Amino acid sequence: MSAPRMSAKEALVAVHAARGERDVVVTTMSPARDWMTLRQHPLDVVLVPSAMGHATSIGLGIALAQPERRVIVCNGDGSMLMNLGSLVSIAAAGAANLVVLVFDNGVYEVTGAQPIPSPGAIDFVAIARGSGFASVFEHSEIDRWREDVQRILSAPGPTMALLHVEPVTGIPGPRSPGPAADRGRRFTAAIQQQG
Amino acid sequence: MFSGEQIAELLEDLGVSHVVTVPDSTIGPWQGAIEQRGRTRVVRVCREGEAWQVAAGLHLGGKTPLVMIQCTGLFESGDALRVALHDWKLPLFSIIGYRSYLNQDTLPGDTCLVFTEPVLDAWRIDYRLITTPSQLGEIGEHFVACRAAGKPGAVLIGEGKA
């Protein structure tokens, strides 16, 4: 019997409800597609286009630039595999304000749900712990995730939460919500305006 | 060619907030002096592609980062720098060690000499070649010019002899 999985969209909705007004949220790949269906915030960074795997690195940079602000990265498992070393870089930098949420669906969803290497066999929790993350969590049930999300986002960081989610098939990948350079400038202005 | 103290002072004068780096035997020893001065933070990453994206995040967050890697890491960096410099149009500046440029005794026929400058041209990065200690000032001048123009830039530091 396969492990239980929750809806990725519902898991994201819980994150959306829990994020604070000063929090930065970085999304990429299928989490970005679903995030864009929710109410947008000036401190959202939708990484479309992106260098696949680098949402955690962008998040680290923002977290170091804005240490008084929480930065939440919504990443996929395929993306995480492309940049596993970034977990070590995050811990080495002591980015206590960074939260990495790994949406583990076992596939490269936006390209048609081809399996990632060794789906189900990769222990992201052990990798995050072994990389030096201060807090590591794992969730597969939406009710528990809803109950715990606020506590997890506020845990001593850097924090990683592995979320087992159902793959979604037949839906195109995320479309760019507009010129990236313009969005980047607006984001920086929003950060500076908020102070 | 340059001491860590010279580079640390230069970065401080330029207002560089963070150096995101993977070391080589020329640029790596500068880290200690940069950290000792304390005004520019050293951010160590595991792979050079990461460096561009961490720098991108720092820039978006309102800081003035600089990427410091060897040319071999530039080759590894392709998509990460393409997205940061050209899709998101972030004016990131880099110091890139040019392996074997001054001396090929260790690696005769090093193909870094074949590919480094064409790769920078392909990525449309405006660079200056630094081959003598007297060119220290050119690093800062090019940094300031690129910053004023709002465009990416790089300096290639010739490596291979002291």
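Residues numbered from 1 in each chain as written. Chains lettered and ligands numbered in written order. Predicted model: local features only at pLDDT ≥ 70, side-chain atom pairs only at ≥ 80, totals over all residues. Heavy atoms only, no water.

### Concerning the sheet that holds strand E8 (residues 159-164) of chain A
Residue and element names in this part refer to chain A. Spatially, six strands are ordered E2-E1-E3-E4-E8-E7 in an open sheet, and the strand pairing comes out parallel. The open sheet has two edge strands, strand E2 (44-46) and strand E7 (135-139), and neither has a second partner. Pairwise comparison of adjacent strand axes, ignoring direction, gives a mean angle of 15° for this sheet. In the packing of helix H7 (residues 142-153) onto the sheet, the strands contacted are strand E3 (71-76), strand E4 (98-104), E7 and E8, and the crossing angle to E7 comes to about 170°. (Pairing = 2+ DSSP bridges. Helix = DSSP H or I, 4+ residues; strand = E, 2+ residues; numbered from the N terminus. Axes fitted to C-alpha atoms, helices over the stretch in contact; angles between N-to-C directions. Contact = heavy atoms within 4.5 Å.)

### Some words on the pairing of E7(A)
Residues and elements named next belong to chain A. Most of E7 sits out of view: four of its five residues are buried. Judged from the five bridges that link them, E7 and E8 form a sheet pairing that is parallel. Paired with Glu 138 across the strands is Leu 162, a residue of E8. Following the backbone out of E7, through H7 and into the adjacent parallel E8, one traces a crossover that is right-handed. (Buried < 20%, exposed > 50% of the residue type's maximum accessible area, 1.4 Å probe, protein only. Right-handed = clockwise from strand over helix to strand, strands pointing away.)

### Quick look at the interface of chain B and chain A
Contacts between chain B and chain A engage 24 residues on the former and 31 residues on the latter. Together, the buried faces of chain B and chain A total about 2,000 Å²; carbon and sulfur atoms form 67% of this surface. Those elements that place two or more of their residues in the side of chain B that touches chain A are strand E2 (41-44), helix H3 (48-60) and helix H5 (78-87) of chain B. Take the side of chain B that touches chain A: its biggest share by element is nine residues, from H3(B). Here the side of chain B that touches chain A is composed, by residue class, of 10 nonpolar, seven polar and seven charged. (Buried area = accessible area lost by both parts, 1.4 Å probe. Nonpolar A, V, L, I, M, F, W, Y, C, P; charged D, E, K, R; others polar.)

### Considering the nonpolar core
Ranked by size, the top nonpolar core spans 66 residues in total, and within it Val24(A), Val26(A), Leu98(A), Phe133(A) and Trp52(B) carry the most contacts. In contact with Phe133(A), other than residues within four places in its own chain, are Leu87(A), Ile90(A), Ala91(A), Val100(A), Ala128(A), Pro158(A), Thr159(A) and Met160(A). Formed by 25 residues, the second largest nonpolar core is a distinct cluster that contains Ala11(A), Ala18(A), Trp145(A) and Ala155(A). (Core = buried A, V, L, I, M, F, W, Y, C linked by side-chain atoms within 4.5 Å.)

In short, the description is geometric, and any link to function would need to be established separately.
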